[in-house]
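Structural characterization, general
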Amino acid sequence: AMNANVQRFLSNSLQRVAKVAVAAGAAAYLGEKSLFTVGPGHRAIVYDHYFGIRHKVYGEGAHFLVPFLQYPIFMDVRTRPRILSTQTGTKDMQHVQLQLRILSRPLDTHIREMYQKIGPDFDERILPSIGNEVLKAVVAQYNADQLLTLRHQVSTEIQESLRERARQFNLVLEDVAIVTSISESVHPSID
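The rules behind the values
Residues numbered from 1 in each chain as written. Predicted model: local features only at pLDDT ≥ 70, side-chain atom pairs only at ≥ 80, totals over all residues. Heavy atoms only, no water. Phe/Tyr/Trp six-rings, centres within 6.5 Å; stacked < 30°, edge-to-face > 60°. Helix = DSSP H or I, 4+ residues; strand = E, 2+ residues; numbered from the N terminus. Buried < 20%, exposed > 50% of the residue type's maximum accessible area, 1.4 Å probe, protein only. Pairing = 2+ DSSP bridges.

Moving on, we get to the packing of aromatic side chains. Enumeration according to the criterion identifies four aromatic pairs in this entry. When the centroid spacing of 6.2 Å and the interplanar angle of 65° are considered together, the rings of Phe36 and Phe74 count as edge-to-face. Here the residue Phe36 occupies a position in strand S1 (residues 35-38), and Phe74 occupies one in strand S5 (residues 70-76), the gap between them amounting to 38 residues. A residue is classified by how much of its surface remains accessible, and Phe36, at 5% relative accessible area, is buried.

Structure representation (C-alpha cells):
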C-alpha cells in the first residue's frame with residue numbers, strides 16, 4: 001500500500017512538473033517572440049497584418065510587438081559610400097566620363113515613407129537616377145576646357161544641385177566629390 005501511494009505521489013508530481021515546464025516554455029517562447037532589438041545604425045518600422053505599416057519609427061534598443069500579428073522591418077541609416085559613373089556631353093559637344101563619390105544616409109524620421117513609396121533598396125533606386133540627371137544638367141552648361149579650369153565651381157554646383165534633389169527623397173548627402181573626370185576629345189594626345 002505504501003508503494004502504491006509513493007507511485008501515485010511521484011506520478012502526480014511529474015505531471016505537475018511537466019505542466020509547469022510546458023507553461024514556462026510557452027511563456028518564454030511568447031516572451032521571446034514579442035521582443036525585437038534594433039541594432040546600432042539601424043531603425044525599424046513594424047508591419048501589422050491588420051493595419052499595415054505602423055507610424056512609429058523605432059530607434060536603437062529593445063522594443064515590444066504583438067507576436068505573429070506584427071513583425072519588424074529593419075532599415076540601415078548609416079552613412080554609406082557610393083560611386084556613380086556617367087558619360088555625358090559638354091556644351092561644346094565633347095564626351096566626358098565623370099565619377100562621383102557620394103556619402104549618403106536616409107533621414108531616419110522618414111524611413112516609413114521611404115519604405116512605402118520606394119522600397120528597402122531606396123538608395124539603389126534614387127542615387128543613380130538623380131546623380132545622372134544632375135551630372136548631365138550641370139556638365140551641359142560648360143565647355144570641356146572649363147570643366148578643368150573651373151573644376152571647383154562645377155563641383156560646387158553639382159554638390160548643391162544633388163543635395164537639393166536628394167532632399168526631395170529624404171536622403172542626406174554628407175559628402176559629394178568628383179573622383180575623376182576624363183574628357184575623350186580634350187586630351188587625345190596624352191599617350
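With that settled, the discussion passes to the sheet that holds strand S3 (residues 52-53). A sheet is described by the order of its strands in space; here three strands give the open sequence S3-S2-S5, paired in antiparallel fashion. Of all strands in the sheet, those with a lone pairing partner are S3 and S5, marking the two edges. As paired elements, strand S2 (residues 42-48) and S3 share two bridges and run antiparallel to each other. Along S3, the bridge assignment pairs Tyr47 with Ile53.

Function cannot be read off these values alone, since they describe shape.
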